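# Coordinate inspection notes
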Amino acid sequence: MKDLFVYHVVTEKPMCIGQHIVFDENHHNGVWKRVDEKFDIVCDIYNNPEKYKDIELEHHTSVALRELALEKVRVEKYPNYPSRMACLYVSKTLEEAEKWFDYFVILGRPTFQIVKLKVNGNMFYGDAEKCFDGKLSKKENLILAEKYWENKDCDETSIVEMLVDGDIEVVEIVKEL
């Protein structure tokens, strides 16, 4: 793949020009860590769904159910797409990044910068509205995950999310708070 230039809203800790970030099967993001922490409860939910049928799932447990289903479908059917647990979430345009930046600031999420990145890796451009709350049913989660990755009906009204992996280099600090 040729180099791709994208924008990223920095929310964890500031980045610097020339910094490299690598995401691959050995280098994961924060989603992976949060999912890994919930792995045992996900297994228990799938093995004992009746135990959970009247319980509202905690947010990160619901996310883990979703992300594990998404990863299973991705590995089996879409292996060239970045893993949601080993990627950076970016914007195709500066205008999109500005909207995310403003949104994060309004939420009170620590927001430091918008950076321009050079990506040498894979990308997936999809509809964030197809992200779903994880269900007690593994089968239902896998069906919803398939709909996310097949990416049908993604248009200009969709909330777009772009996932990238590989070697990612910060080439410019566009905005700082």
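So, a few notes on the structure that sits alongside this text. Each chain carries its own residue numbering, running from 1 in the written order of its sequence. pLDDT decides what is reported in this predicted model: residues at 70 or higher carry local features, side-chain atom pairs at 80 or more are listed and counted, and totals for whole chains, interfaces and linings draw on all residues regardless. To obtain the side-chain values, all non-hydrogen atoms of the structure were included, while hydrogens and water were left out.

With that settled, consider the overall build of the protein chain. A run of H or I in DSSP becomes a helix once it reaches four residues, and a run of E becomes a strand once it reaches two; helices and strands are each numbered from the N terminus. Within the protein chain one finds six helices and seven strands. Taken from the N to the C terminus, the helices and strands of the protein chain come in the order β-β-α-α-α-α-β-α-β-β-α-β-β. Projecting the C-alpha coordinates of the protein chain onto the three principal axes gives extents of approximately 50 × 35 × 35 Å. Burial here depends on accessible area, computed with a 1.4 Å probe over protein chains only, as a share of the maximum for the residue type. Under 20% is buried, over 50% is exposed, and the range in between is partly exposed. Residues classed as buried in the protein chain amount to 38% of the 177 residues present. Two residues form a contact once any of their heavy atoms are found within 4.5 Å. Contacts in the protein chain between residues at least 24 apart in sequence constitute 82% of all its contacts with a sequence separation of at least 6. Note on areas: Shrake-Rupley with a 1.4 Å probe; residue coverage comes only from the protein chains shown. With the model as given, the accessible surface of the protein chain reaches about 10,300 Å², and the carbon-plus-sulfur share is 52%. When the 24 positive and 34 negative side-chain charges of the protein chain are each reduced to one mean point, those points stand 3 Å apart. When charges are tallied, Lys and Arg are placed among the positive residues and Asp and Glu among the negative ones, while His and the ends of the chain are skipped. Charged groups are reduced to one reference atom each: NZ for lysine, CZ for arginine, CG for aspartic acid, CD for glutamic acid.

As a packed pair, helix 1 (residues 30-37) and helix 4 (residues 59-77) sit with axes 9 Å apart at the nearest point and diverge in direction by 110°. Relative to helix 4, helix 1 is oriented roughly perpendicular. For the pair formed by helix 1 and helix 4, the contact residues are Val31, Arg34 and Val35 on the first element and His60, Ala64, Glu67 and Leu68 on the second. Note on geometry: axes are lines fitted to C-alpha atoms, helical ones only across the stretch in contact, with angles between N-to-C directions running from 0 to 180 degrees. Any angle from 65 to 115 degrees is called roughly perpendicular, while one under 35 is roughly parallel, one over 145 is roughly antiparallel, and all others are oblique.

Our next topic: unusual backbone geometry. Backbone geometry places Asn151, a non-glycine residue, at a positive phi of 60°. Take Asn151: it is sitting in the loop between helix 6 (138-150) and strand 6 (160-164).

Time to look at the layout of surface pockets. Within this scheme a cavity is a closed region of a 1 Å grid, computed over the protein atoms alone, that accommodates a 1.4 Å probe without allowing it to escape, whereas a pocket is open but has protein on both sides within 12 Å along at least five of seven lines; lining residues each have an atom within 4 Å of a point. Grid points are joined across faces, edges and corners, and a volume is the space filled by probe spheres set on the points. Here the largest pocket defines a volume of roughly 1,300 Å³. Lining the largest pocket are 37 residues, and of these Val31, Arg34, Tyr89, Phe104 and Arg109 sit closest to its centre. Sorting the residues of the lining of the largest pocket by element identifies strand 1 (4-10), strand 2 (20-23), helix 1, helix 4, strand 3 (88-90), helix 5 (94-107) and strand 6 as the ones contributing at least two each. For the lining of the largest pocket, a count of residues per class yields 20 nonpolar, nine polar and eight charged. The computed volume of the second largest pocket comes to approximately 220 Å³. Just so you know the grouping, Ala, Val, Leu, Ile, Met, Phe, Trp, Tyr, Cys and Pro go in nonpolar, Asp, Glu, Lys and Arg go in charged, and all remaining residues, Gly too, go in polar.

Side chains of nonpolar character tend, in soluble globular proteins, to be buried together. Residues belong to a common nonpolar core when they are buried Ala, Val, Leu, Ile, Met, Phe, Trp, Tyr or Cys residues joined through side-chain atoms within 4.5 Å. The biggest cluster of nonpolar side chains holds 14 residues, and the ones touching the most others in it are Leu88, Val90, Leu117 and Ile168. Among the elements that line this core, the one with the most residues is strand 4 (residues 113-120), at three residues. With near-sequence residues (within four places) excluded, Val90 lies in contact with Val6, Tyr7, His8, Leu117, Met162 and Val164.

At least two DSSP bridges between two strands are required for those strands to pair. In spatial order, the strands read 1-4-7-2; together these four strands make up an open sheet with antiparallel pairing. In this open sheet, the two strands that pair with only one neighbour each are strand 1 and strand 2. This sheet shows a mean twist of 35° between the axes of neighbouring strands, independent of strand direction. Pairing of strand 2 with strand 7 (residues 166-176), which is carried by four bridges, proceeds in the antiparallel orientation. In the strand pairing of strand 7, Phe23 is matched with Gly166. The sheet contacts of helix 5 involve strand 1, strand 4 and strand 7, and relative to strand 1 the element is tilted by about 10°.

What follows is about the packing of helix 2 (residues 39-47) against helix 4. For the pair helix 2 and helix 4, the least separation of the axes is 9 Å and the interaxial angle reads 80°. Judged on the interaxial angle alone, helix 4 and helix 2 are roughly perpendicular. Only Thr61, Ala64, Leu65 and Leu68 of helix 4 make contact with helix 2, whose side of the interface consists of Phe39, Ile41, Val42, Ile45 and Tyr46.

Of note, Gly134 is situated in the loop between strand 5 (123-127) and helix 6. Of the residues examined, Gly134 reaches a relative accessible area of 10% and is grouped as buried. Spatially, the C-alpha atoms of Gly134 and Trp32 are 15 Å apart, while their sequence positions differ by 102 residues. With residues near it in sequence (within four places) discarded, Gly134 still touches Leu57, Ser62, Leu65, Arg66 and Asn141.

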